[in-house]
Amino acid sequence: MPATMVFAALAAMWSTAAAATAIDRVAAALSRGACTQAATEAERAQASAHDDAALAAVLALRTRVALDCLRPQAPGLDDWLARERELRTRADGADSPAVAEVELQRLRREQQLDHLDDAFASANALDRRAATSGWPPALRARIAVRIASISNQRADPTTALEAADRAGRLAAEAGDEATRVAALEDRGFALARMRRGDAASTLAEAVPLAAKHFGANSREYAEALRLHGQGARMIGDFGTAIERFEQSLAILRAQPEPDRRAIANTLLNLGQARKLSGDGNGAAAAYEAALAAEAKDPDLQRPTRAATLHALANLERDRGHPQRAVELYAQAEPAFERKFGADSVLLAQVYNNHGNAEANLGRYDAANALYQRAVDIARKRGSVDPGDYLPLANLAMVQTWQGRYAEAEKGFREALAHQKTSSVGSETSTLFAYMGLAASLWGQRRFDDAMEAAVAAEQVREAALRLAASHLGEKQSVDLQEYLRPSLDLVVAIAAASGSPAHLERAWQSSMSARDAVTSIQVQRLAAARKAGDARTTTLWHDWREASAAAARAELGHGDAAEARAELERAERALAMATPLAASLGARAPTFADVRHALPGGESLVLFTQTRLRGASDFAKDAVEQRSPDLYAFLLPTRDGDVRARKLGTLERIAAAVDAWDAALADRDVALATVIERGRAVRKAIWQPLHDAGAGDHWLVLPTAALYRAPWGALPDDDRWLTERGFRAHVLNHERELLAEAAPTAPPRLLAIVDPMLASTALPEAARRCASGLSALPGARSEGVELDAMWRAHFGSAARSTLLVGGDATEARMRSAIATADIAHFGTHGVGLAGDCAAATDALALRGASLSFDAPLKADTPALAPVALLLAPGVASDSDDDGLLSAEEIAALDLSHMRWAVLAACSTASGATRRYEGPFGLARAFRLAGARTVLTSLWSVDDAATAEWSRTLYLARIERGLGTADALADAQRSLIAARRARGDSTHPYYWAAFTATGDWR
């Protein structure tokens, strides 16, 4: 019986004022989680019980305290139950509701002691008596909910669901809200065990009811939150799961007597959600905290420690440490067997995961034996949980590795039959089985069927990402995107092996759907938040902006970076949960037919993609996941041509060649002979195979990895450069840009922010000495003045140009002016992360500084990766006018009207590159804000050379009306010609630094 109803019933049976006061004190203590105080108060109350009715009531009270506080072995509990039953039988008869209440508490104790079979049998016997005894609906509801709870614990969701539904109906009839909450929780948990998509919504329904009935600080509310988190995790809504688990933990930790066991269990759940969302470090931290909490109050009745060891083993296996995982599984298995029995489906899940680790170690016989034990248990128990049949797919996986493709096909199809009802985001979704089926069909060279299965797998992966991203922040979404099984690798590999143009088109279509998914969701989410008019979203938007600014400054050395990132994650998640589901956000990929039709005449479309799979038996192999992927180029040479593919080599080798060439380009002191030699290696490896395959002289490129840093026009061409023969390449963020409407033709409004007055007060204290070395930028100032004059002369209206120079180039004035600008030109310093002050003090004519901050470089981040642009500090004390314009602050702007954003500072194209989303840095921030095209620099640029480049670029764009790609190429050729005529060096350092992404027109 729920606590509030118990206390009301006890008060009715035991009416003395002193007794009623004692009951109130016990109820108040339990509601606060003060179990010791509640037990003490109940013991004191027994001393004032002077008749049989009062004694029975106080014994019931003491039993209730013990069981509510999960102390089924409390000394004297057996005696209390026996004595109370004797008193109730004497007063009301053996078949009375009062005696049934005692039996119900005895069942509850047996359940807590894990005597599940005995408890289940007794509960059903009591239920049969209830059906013929005329007991009140509230009592019958509590009996039914106990059956549901025991059945869930026995991993029998079918029985649990039926009993929970019956309990819910009876509780509604009786007006028993507390039992209704329990019924919803048991119903939702049963649905979750069945991997049903409606589990989370059922558990969500219980949350507000629990808060209303038990209170927002109660353990019951914390449990309702935890269970909702479990349901959300099981369907793949990891953001909601993490949010609920953290809310539950906050309540549990605030109790006067924190329940360490409940805390440990909730931390375990949090770790599982973080692991599945791709946050391995967060998962490990939660698991370790769970073990620490459990150690303070060992859980003798619940398998928290064993479950946490199992979870840690899974994490170690995911991290590529299968031997350590095997050791942890070996510790967990005996505990699971003792707790649940040798034929438990929960033990079978441990066997299955243990088998995966053995398979990773190449011990296939041991793996198969564990898989088979797990399957046998599921079949013996008649399990309806799709997860219990995952071993079928794993047995087929080993057969695939052994080249037994026809046998493997049968196994994967049987697994799919069990998993067809699973949510796309569930651990038991059809993703793995579809991938395995595709590999087994590929091994049989049934390419049409293999492609169908691989595309189906990729569609499941994309749907799972959209579901999870609904309630995750950007970083978490990207982590999940790269954690999910790489089904796109399989699509690409099968298409490449087939060589069929139709298969290559389907692979390209799948690639379009996979790439840019998180970015497109973030673009629309931020746009929706900017325009939201309701108070709640406005507050969350403000919180996100504040957290973003704080995280940016922490990255530059102001404050605790870890805490700032954690706060940003919370703010992002809250904002995500307040905006529309990601399933309805994100621009859907166009069809390949749409792209083909939209490809301009004279353009070749080039997609660079990668896969680690070289044959069907590579599927799901741990060793394959560790090797460098192969780089492929997919080419659509003309609108009417066939798609063709070229394997270019390993990505590691190609990236090394591009990086070596890029390093030579970025250093004006490197001999031209070296630049040319390295450029020829890149040309031979990448450009020549595509040229030979039919690519023309105008490319629209969709890069990957290091190829984002390739200035194609700077490839050598005999004694000149490729751009001089009329070649040009333009980078698209995504193929959908081919279908976007052209920018308005009205005269554009210019905002030029150049040579701002700098003040080191905007920077972290540790970096101010570096900032003192930053020089003024006379070249940037002159280019700004020339641009302003060009606009006035060409468009005839000073109102179409705004020039902010020196002390006027503040962040606040920029924010005001950029709201109506169509073109924004930044001629300033870019601030990045590096190891010392060399760039600031040794190269005063450069537009950038590599400042010495505490934050470390990421492994895949170039030496200077700007995270902010420096402007003049304003008068405001907040981050909106501190002179440090971070990428996070840029993303918060509304630049949906902006045609061009020109970042004429050092290395503004730099940033860590993610496989599906491309580079993360300043250019992406402008894109998130809505800018159509962003022009950035690949290396630290010379102030005077950049001013000359800007002049020629805008002349081509404004005076001659050229599109972005043609204007950029024309500016390069003009600079080369001018430098050659003057006898200056034609080193690409001076003319090839800038690249454009986005709209090519």
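Residues numbered from 1 in each chain as written. Predicted model: local features only at pLDDT ≥ 70, side-chain atom pairs only at ≥ 80, totals over all residues. Heavy atoms only, no water.

Draft legend 1. The overall build of the protein chain, seen in detail. From N to C terminus, the protein chain includes 41 helices and 19 strands. By the compact-globule yardstick of 30 Å for 1001 residues, the protein chain fits well, its C-alpha radius of gyration being 33 Å. Once the C-alpha set of the protein chain is aligned to its principal axes, its extents read approximately 115 × 70 × 45 Å. Looking at the protein chain as a whole, 59% of its 1001 residues are labelled buried. Expressed as a percentage of contacts within the protein chain between residues at least 6 apart in sequence, the contacts between residues at least 24 apart total 72%. Here the protein chain carries 115 positive and 127 negative side-chain charges, and the mean point of each set is 2 Å from the other. (Helix = DSSP H or I, 4+ residues; strand = E, 2+ residues; numbered from the N terminus. Rg over C-alpha atoms; globule rule 2.2 N^0.38 Å. Buried < 20%, exposed > 50% of the residue type's maximum accessible area, 1.4 Å probe, protein only. Contact = heavy atoms within 4.5 Å. Lys, Arg positive; Asp, Glu negative; His and termini not counted. Charge placed at Lys NZ, Arg CZ, Asp CG, Glu CD.)

Draft legend 2. Representation of the domain arrangement of the protein chain in the model. Along its sequence, the protein chain is organised into domain 1 (422–532), domain 2 (592–737) and domain 3 (748–942). Across the boundary between the two partners, domain 1 contributes 19 residues, which contact 13 residues of domain 3. Carbon and sulfur atoms make up 44% of the surface buried where domain 1 meets domain 3, a total of about 1,500 Å² over both sides. In terms of surface lost to domain 3, no three residues of domain 1 exceed E482, T519 and R530, which account for 34% of the buried area on that side. Seen at the junction of domain 1 and domain 3, the total is five salt bridges. One salt bridge in this structure joins E482 and R914, with 3.1 Å as the shortest N-O distance. In this assembly, domain 1 and domain 3 are joined by 16 residue pairs in polar contact (both at pLDDT 80 or more). Those elements giving two or more residues to the side of domain 1 that touches domain 3 turn out to be α24 (474–483), α25 (487–498) and α27 (517–531). By residue number, the principal contributor to the side of domain 1 that touches domain 3 is α27, which donates seven residues. Residue classes in the side of domain 1 that touches domain 3 are distributed as eight nonpolar, three polar and eight charged. (Domains from an automatic or database assignment. Buried area = accessible area lost by both parts, 1.4 Å probe. Salt bridge = Lys/Arg side-chain N within 4 Å of Asp/Glu carboxyl O. Polar contact = N/O pair within 3.5 Å; in protein donor to acceptor, adjacent residues only side chain to side chain. Nonpolar A, V, L, I, M, F, W, Y, C, P; charged D, E, K, R; others polar.)

Draft legend 3. The packing of aromatic side chains, seen in detail. Inspection of every chain in the model, using the stated rule, returns 18 aromatic pairs. Plain terms: the ring middles of F432 and F619 are 5.2 Å apart, the flat faces sit at 35° to each other, and that makes the pair tilted. Within this pair, whereas F432 is found in helix α22 (residues 431–443), its partner F619 is found in the loop between β1 (604–611) and α31 (622–626), the two being separated by 187 residues in sequence. The interplanar angle of 55° and the centroid separation of 5.7 Å between the aromatic rings of W699 and W712 together place this pair among those described as tilted. Of the two residues, W699 sits in strand β4 (residues 698–702) while W712 sits in the loop between β4 and β5 (716–717), which places them 13 residues apart along the sequence. The burial state of W699 is the same as that of W712; both residues are buried. Ring-pair connections join several aromatic residues into one group, and the members of that group are F608, W687, W699, W712 and F727. When the ring centre of W1000 is taken as origin, the NZ or CZ atom of R1001, which lies over that ring, is 4.7 Å away. (Phe/Tyr/Trp six-rings, centres within 6.5 Å; stacked < 30°, edge-to-face > 60°. Lys NZ or Arg CZ within 6 Å of the ring centre and 35° of its normal.)

Draft legend 4. Inspection of the confidence of the model for the protein chain at higher detail. The predicted model of the protein chain averages 90 in pLDDT, with 91% of residues at 70 or higher. This stretch, residues 8–15, has a pLDDT under 50; its non-local contacts, to residues over four places away or in other chains, come to 15 contacts. Every residue in residues 849–865 is under pLDDT 50, and counting partners more than four places away or in other chains gives 67 contacts. (pLDDT = per-residue confidence, 0-100.)

Draft legend 5. The packing of helix α17 (residues 322–340) against helix α18 (residues 345–360), seen in detail. Close contact between α17 and α18 brings their axes to 9 Å; oriented N to C, the two are set at 165°. Considering their axes alone, α17 and α18 lie roughly antiparallel with respect to each other. As α17 runs across α18, the sense of the crossing is left-handed. Note on element contacts: α18 touches α17 through L346, L347, V350, Y351, N353, H354, A357, E358 and N360, opposite P322, A325, V326, Y329, E333, F336, E337 and F340. In terms of residue class, the contact of α17 with α18 is built from 11 nonpolar, three polar and three charged. (Axes fitted to C-alpha atoms, helices over the stretch in contact; angles between N-to-C directions. Parallel < 35°, antiparallel > 145°, perpendicular 65-115°, else oblique. Left-handed = near helix turned anticlockwise from the far one by under 90°.)

Draft legend 6. How the structure looks around the nonpolar core. Residues M397, F412, W442, I494, W508 and L605 are the most contacted members of the largest nonpolar core, which totals 67 residues. Taken domain by domain, the makeup of this core includes at least three residues from each of domain 1 (422–532) and domain 2 (592–737). Dropping the residues within four chain positions of it, F412 is found in contact with A393, A396, M397, T400, F432, A433, G436, L437, S440 and F619. (Core = buried A, V, L, I, M, F, W, Y, C linked by side-chain atoms within 4.5 Å.)

Draft legend 7. Structural view of the environment of Q331. Mapped onto the elements of the fold, Q331 is located in helix α17. Put simply, Q331 and A313 are 18 residues apart on the chain and 9.7 Å apart in space, counted from C-alpha to C-alpha. Apart from residues no more than four positions distant in its own chain, Q331 is found in contact with L309 and R324.

Draft legend 8. Molecular detail of the UniProt feature "repeat: TPR" (unreviewed entry) in the protein chain. UniProt marks residues 348–381 with the feature "repeat: TPR" (unreviewed entry), using the numbering shown here. Overall, residues 348–381 shows 91% helix and 0% strand. The separation of its end C-alpha atoms is 11 Å. (UniProt positions renumbered as here; feature names shortened; annotations may be inferred.)

Draft legend 9. Structural detail: the environment of L922. Take L922: it is sitting in helix α39 (residues 922–929). Judged by its relative accessible area of 1%, L922 falls in the buried class. For the pair L922 and L903, spaced 19 residues apart in the sequence, the C-alpha separation amounts to 8.6 Å.

Draft legend 10. Looking closely at unusual backbone geometry. Located in the positive-phi region is R445, a residue other than glycine, with phi close to 60°. Its location among the elements puts R445 in the loop between α22 and α23 (447–469). Backbone geometry at S907 places phi at a positive 50°, although glycine is not the residue there. Secondary-structure assignment places S907 in the loop between β15 (900–903) and β16 (913–914).

Draft legend 11. The arrangement of the state of the cysteines in detail. A complete count under the given rule lists one disulfide for this structure. The disulfide partner of C35 is C69, and the S-S distance across this bridge is 2.1 Å. Taking the sign of the S-S torsion, -95° for the link of C35 and C69, the bridge is left-handed. Here C69 lies in the loop between α4 (52–68) and α5 (77–92) and C35 lies in helix α3 (residues 35–47), a separation of 34 residues in the sequence. Accessibility expressed as a relative area gives 6% for C35, which makes it buried. Judged by its relative accessible area of 8%, C69 is buried. (Disulfide = S-S within 2.5 Å.)

Draft legend 12. Structural detail: the pairing of β1. For β1, the buried fraction is high: eight of the eight residues fall into the buried class. The alternating pattern of β1 places S604, V606, F608 and Q610 and L605, L607, T609 and T611 on opposite faces, both of which are buried. Sheet topology note: the β1/β4 ladder contains four bridges and is parallel. Residue pairing for β4: L607 is matched across the bridge by L702. Judged from the seven bridges that link them, β1 and strand β2 (residues 630–636) form a sheet pairing that is antiparallel. From the neighbouring strand, L607 faces β2, where its bridge partner is F634. (Pairing = 2+ DSSP bridges.)

Draft legend 13. Spatial organisation of the pattern of salt bridges. In total, this model carries 76 salt bridges according to the counting rule given. Notably, a salt bridge pairs E409 with R446, separated by 2.9 Å at the nearest N-O pair. Here the residue E409 occupies a position in helix α21 (residues 405–419), and R446 occupies one in the loop between α22 and α23, the gap between them amounting to 37 residues. Taking the relative accessible area as the measure of exposure, E409 reaches 12% and is therefore buried. Residue R446 is classed as partly exposed on the basis of its relative accessible area, which comes to 29%.

Draft legend 14. Inspection of the side chain of H734 at higher detail. Here H734 is to be found in the loop between β7 (728–731) and β8 (750–756). Setting aside residues no more than four positions away along its own chain, H734 makes contact with M512, R515, D516, A589, P590 and L702.

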